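Read off the chains here:
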Amino acid sequence: MDQLDTIEAQSIFILREAYRSFKNLVMLWSVGKDSTVLLWLTRKAFFGHVPIPLMHVDTAFKVPAMIEYRDRFAREWKLNMIVGKNEKSLEAKETFPDGKLTRLECCAALKSEALKHTLSGEWPRWVLDHTTGEYVKQEGGEPFTGVIVGARADEEGSRSKERYFSPRDRHNDWDVGDQPPELWNQFKTDFAPGTHVRIHPLLDWTELNIWEYIERENIPIIDLYFDHGNGKRYRSLGCMPCTSPVDSTAKNVAEVIEELRSGKFSNIAERSGREQDKEDGAGLETLRRDGYM
Amino acid sequence: MAKMGQHVNEAIGGVGQMNIVVIGHVDHGKSTVIGRLLADTGSLPEGRLEAVKTNCAYNSRPFEYAFLLDALKDEQAQGITIDSARCFFRSSKREYIIIDAPGHIEFLKNMISGAARAEAGLLVIDAKEGVRENSRRHGYLLSMLGIKQVAVCVNKMDLVDYSQDIFESIRAEYAEFLGRVDIEPTEFIPVSAREGDNIITNSDRMAWFTGSSVLDVVDGFAKEPSRVDKPLRFAVQAIYKFTAQGDDRRIIAGRIDTGTVNVGDEVVFLPSQKRSRITTIEGFNLPTQTKAVAGQSTGFALDEQVYLTPGELMCRVDEPQAKVGTHLKVNIFWMGRQPMIKHKRYKLKLGSTRIPVWLREVVTVLDASDLTTDSNKQQIDRHDVAECVLETLKPVAFDLSQDIAQTGRFVIIDNYEIAAGGVVLDTVHSATNRTLEGVRQREKNWDRSGITPEMRSERYKQRSTLVLICGPVGAGKQRLAKALEENLFKSGRSVYYLGLANSLLGADMNVDQGGERDEYLRRLGEVSHLFTDAGLILITTISDLDEYELDMVKTLNRPNDCRVINVGASRFTEAKIDLQVGDLSNQAAAIQKIKDMLVQEKYLIEYYL
Ligand SMILES: Nc1nc2c(ncn2[C@@H]2O[C@H](COP(=O)(O)OP(=O)(O)O)[C@@H](O)[C@H]2O)c(=O)[nH]1
Ligand SMILES: [Mg+2]
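The structure displayed is predicted, hence computed values, not measured ones.

Chemist: I tried to follow the overall build of chain B on my own but got confused; where do I start?
Modeler: Per the secondary structure count, chain B includes 14 helices and 26 strands. Each of the three principal axes of chain B carries a C-alpha extent, and together these read 105 × 60 × 45 Å. Of all 609 residues assigned to chain B, the portion counted as buried reaches 56%. Residue pairs at least 24 apart in sequence account for 72% of intrachain contacts in chain B once pairs closer than 6 positions are excluded. In chain B, 75 positive and 83 negative side-chain charges are present, and the distance between their average locations comes to 6 Å.

This is the structure:
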């Protein structure tokens, strides 16, 4: 088994462990490369099926192509697709692009808050109806107790300390100083009522591993990651106002891999295009303690 | 924030990634050694080192290489490592995940989590402070976790004038200790992490040292020998059938711990002893496979549809098989806040098995920081290492850790938390078990009156018994039980239908979901003992009962009788069934069959009528 086989087997093992242990399980799908690889690994783990619902938090500031891509594959792969959003802030235009919030506050409102309340079932969920192809608003959903997330340890400091199974309390808080032990692939699958668990099957993957796997498996990835002739492409997807494309002429998966291995990005951090990380020295840790993925 | 230490210069080869943990006493320089290794090999992303330096200057505190790893705010504020971090790094030889473990006793469980992922360890000792409590404890724990490949860095040599004498005396002391815990270090390296001496190249300041630098030693660690050569062990994680999606494959899913398996191989599942044969190896987006090997997460279809539950261990019939038992002699390391005590129910997770477990006997308790032992302790406290005997509710399949590490280790759950890790040392053959002991105790203390069972029998015109109606969920057992009660009652018998069991013992009341099915069964057994002791015929139903559960209920009901009636498919051998009822379409006939049996076996005494 080579490197990709090894991390693939570990991720599949974790996904199956999660599916076995949690009744109300959900997977976050941002449509970015990491969570799309995660979705692909789910199909691997369950022999072509996706028995876990997928949740997408729509901030309304995502690139439109992302939403088109999401719905196309949700239909093609018969995904149980759930969309959540912060209706109130969006209606009241309480956002960074509307000039009312800082970047960090905006992330907290449109992502963390929306996610928290959609997971808990307090806020409505928009669920894809495969017979009509439309999303249907649903109220009063059950809380999800297991949330699968595509975080990687190499992304930034606080993620390097994550567990595969990481408990969160009622308020979504992450107690980084007191994480459960994790021995020999025995994870924290027992949890007290009211708490829930974040599951991180991709912790051992690097950005390069992700792209190599996309190439090997021929995973249909959104083409915002590639240059379409203007010398720019996205390396990391987020909201339009806060994520800038990088200068690059990589036009396909092979060229992206080349660029990461030995080219211009071999020594530059992936999230360098994300503005909200810069406002506070430990911006992402602050957001993450508070429930950001 | 930037990602850490991804240094990627060449294509991934087949060498495979190596996981290394860096451990040792607090402040001895573990994080600094790693930071230095990342910085000096050029593994840090562009600008990362400068950013940390600027940040330090801005906050007017001295720059520390450790800040490259101690990324949490609390860690930087307190200057300590709180939790293990994974850092990705690549030498000219291969890729690494380096795990920076905390040295503080308070964060020992984090150290364990980090170390359990590693294949080799780098122990760091401060030359000025010498061997300390956690240098020893960590050394012991590495050994217990099965990590035998270790090198030692004697760090901060700059603080002792790069003295060879000091280095040699620490080497002598620590090598002796490691020898006692069965570790033979590949190398002792004198280093100064802060100054960069002997980290990636040999330093002029210690010309007397002729060994290798840290980087060379790390590159020299061998990958763990292939697990493919051992007998097959495949822990069944799940049985999938996605019929709703129009897929009628029944797939046994899991990961192969050791060995290989081929299409056509005959396999046995333990502890149930069920046998079958592999017909296909299943996968998604894969060409057809005829062989699966250790490390793969895969799935199989079988030629015979044996009843299986997650937690079974699949072995090959033509290879040495795993052991099966309820009493295990183990070595455990306790991390729980509450001590481990006897008579308390815990949960054991071994491979894919999840099962209630009790502490039966504490043999010795060891203080891992000085290897002193205590054989009088009756409980296991936080940070103790103990040799003890555990008893599981039902037989489990396992190996001795010295034979197959992957299936010879486990964790124990106390109140939702992983409270201990352990390894299996031996099987213990025990003539008794918890249920039997409890019943003996109960019978000893039971104060019986002058009314004998014979007198009750005469009065009630019947011999008392428990009538246990078993079978799968939805077989119509409850309806049958109630009709049987009514029938017997109307014909003058003293009978009672206990309806509690069915709802409480529903199909999802298993240990896997955190339920305590065995607790309810124990109560049921105790209640039936009361009713049958009083001379009654007690009728009850239990779904999906297995053989061990049946034995437990029967034991608890002793010395009184029990008659087992099975409706439909059964999970136990025929010998355990007193009456098989195939089909309930004719309920009256079924009731007649049961009554005939009760009459024939003299539970219903006819000549009184
Ligand atoms: N003089 C000297 N100090 C060192 C050396 N290595 C680490 N230190 C210091 O020792 C302290 C603890 O280091 P750190 O790496 O955080 O230790 P850890 O707790 O083992 O991770 C820090 O202040 C380091 O600067 C060394 O080689 N020489
Ligand atoms: Mg440290």
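Chemist: What's the story with the sheet that holds strand β4 (residues 120–126) of chain B in this structure? I'm lost.
Modeler: Hydrogen bonds between backbone groups are what pair the strands of a sheet, and the pairing can be parallel or antiparallel. All names here are of chain B. Strand order in the open sheet formed by 6 strands is β2-β3-β1-β4-β5-β6, and the pairing between neighbours is mixed. Unpaired on one side and paired on the other, β2 (85–90) and β6 (187–190) mark the two borders of the sheet. Going from strand to strand, the sheet's axes swing by 25 degrees on average, the running direction of each strand aside. Along the sheet, helix α6 (residues 164–180) makes contact with β4, β5 (150–155) and β6, crossing β6 at roughly 150 degrees.

Chemist: Just to check I follow, could you spell out the confidence of the model for chain A for this structure?
Modeler: Segments scoring low in pLDDT should not have their predicted coordinates read at a detailed level. Per-residue confidence for chain A gives a mean pLDDT of 84; residues scoring 70 or more make up 86%. Here residues 273–282 of chain A is modelled with pLDDT under 50, and outside its nearest four sequence neighbours on either side it reaches 34 contacts, counting other chains as well.

Chemist: Would you explain the confidence of the model for chain B in this entry?
Modeler: All names here are of chain B. Per-chain confidence: chain B averages 86 in pLDDT, with 92% of residues scoring 70 or above. Across chain B, element-level confidence peaks in strand β14 (residues 313–316) with a mean pLDDT of 97 and bottoms out in helix α11 (residues 500–504) with 54. Confidence drops under a pLDDT of 50 for residues 1–14, and excluding neighbours within four residues, the segment shows 65 contacts in the predicted structure. A low-confidence stretch, residues 506–514 stays under pLDDT 50, and its non-local contacts, those more than four residues away or across chains, total 19 contacts. If you check the scores for this complex, the pTM reads 0.82 and the ipTM reads 0.86.

Chemist: Which parts of the structure should I look at to understand the pattern of salt bridges?
Modeler: Opposite charge on two side chains makes pairing possible when the charged atoms of those side chains draw close. Scanning all chains against the criterion turns up 53 salt bridges over all chains. Residues B:E486 and B:K490 are paired through a salt bridge, measuring 2.7 Å at the closest nitrogen-oxygen approach. Highlighted residues: B:E486 and B:K490, both in helix α10 (residues 477–490), separated by 4 residues, approximately one helical turn. Under the relative-accessibility criterion, B:E486 is labelled partly exposed at 44%. Among the charged side chains, a network of salt bridges with common partners joins A:D5, A:E8, A:K44, A:R216 and A:E217.

Chemist: Would you explain the pairing of strand β24 (residues 537–543) of chain B in this entry?
Modeler: Within a regular strand, the side chains alternate between the two sheet faces. Residue and element names in this part refer to chain B. Of all the 7 residues making up β24, 7 are buried; the element is thus mostly covered by neighbouring parts of the structure. Burial along β24 is two-sided: the face carrying I537, I539, T541 and S543 and the face carrying L538, T540 and I542 are both buried. One ladder, built from 4 bridges, connects strand β23 (residues 495–498) with β24; its direction is parallel. Within β24, the position partnered with V495 by the bridge is I537.

Chemist: Before we go on, may I ask you to explain the packing of aromatic side chains in this structure?
Modeler: The geometry of an aromatic ring pair is captured by two quantities: the separation of the ring centres and the angle between the planes. Overall, the coordinates contain 28 aromatic pairs over all chains when judged by the stated rule. Ring centres of A:F165 and A:F187 lie 4.7 Å apart, and the angle between their planes is 5 degrees; on these two criteria the pair is classed as stacked. Placement of the pair is A:F165 in strand β7 (residues 165–168) and A:F187 in the loop between β7 and β8 (196–199), with a sequence separation of 22 residues. Judged by its relative accessible area of 1%, A:F187 falls in the buried class. Ring plane angle 80 degrees and centroid distance 6.2 Å describe the contact between B:F167 and B:F209, whose orientation is recorded as edge-to-face. On the criterion of sequence distance, the pair formed by B:F167 in helix α6 and B:F209 in the loop between β6 and α7 (214–220) is long-range, its members being 42 residues apart. For B:F167, a relative accessible area of 0% puts it in the buried group. In textbook terms, an aromatic cluster arises when at least three aromatic residues are bridged by ring pairs, as seen for A:F13, A:F22, A:Y164, A:F165, A:F187 and A:F191. Directly above the aromatic system of A:F13 lies the positively charged group of B:R255, at a separation of 4.2 Å from the ring centroid.

Rules used throughout
In this numbering scheme, every chain counts its residues from 1 along its sequence in written order. Going through the entries in the order they are written, you letter the chains from A and number the ligands from 1. Residues qualify for local features only when their pLDDT is at least 70, as the model is predicted, and side-chain atom pairs are given and counted only at 80 or more; totals for whole chains, interfaces and linings, by contrast, use all residues. Derived side-chain values reflect all non-hydrogen atoms in the structure, with water molecules and hydrogen atoms excluded from consideration. Think of it this way: any DSSP run of H or I at least four residues long counts as a helix, any run of E at least two long counts as a strand, and we number them from the N terminus. Only protein chains enter the calculation, and the probe is 1.4 Å; a residue is then buried if its accessible area is under 20% of its type maximum, exposed if over 50%, and partly exposed in between. Note on contacts: a residue pair qualifies if any of its non-hydrogen atoms lie within 4.5 Å across the two residues. The positive count covers Lys and Arg only, the negative count covers Asp and Glu only, and His and the chain ends enter neither. A single reference atom marks each charge: NZ on Lys, CZ on Arg, CG on Asp, CD on Glu. If DSSP finds at least two bridges between two strands, the strands pair. The angle between two axes is taken between their N-to-C directions and runs from 0 to 180 degrees, where each axis is a line fitted to C-alpha atoms and a helix contributes only its stretch in contact. The quantity known as pLDDT measures the predictor's confidence residue by residue, on a range of 0 to 100. We define a salt bridge as a side-chain nitrogen of Lys or Arg found within 4 Å of a carboxyl oxygen belonging to Asp or Glu. Think of it this way: a Phe, Tyr or Trp ring, Trp meaning its six-membered ring, pairs with another when their centres are within 6.5 Å, and the plane angle makes it stacked under 30 degrees, edge-to-face over 60, tilted otherwise. Two conditions define a charge sitting above a ring: the NZ of Lys or the CZ of Arg must be within 6 Å of the ring centre, and it must be within 35 degrees of the ring normal.

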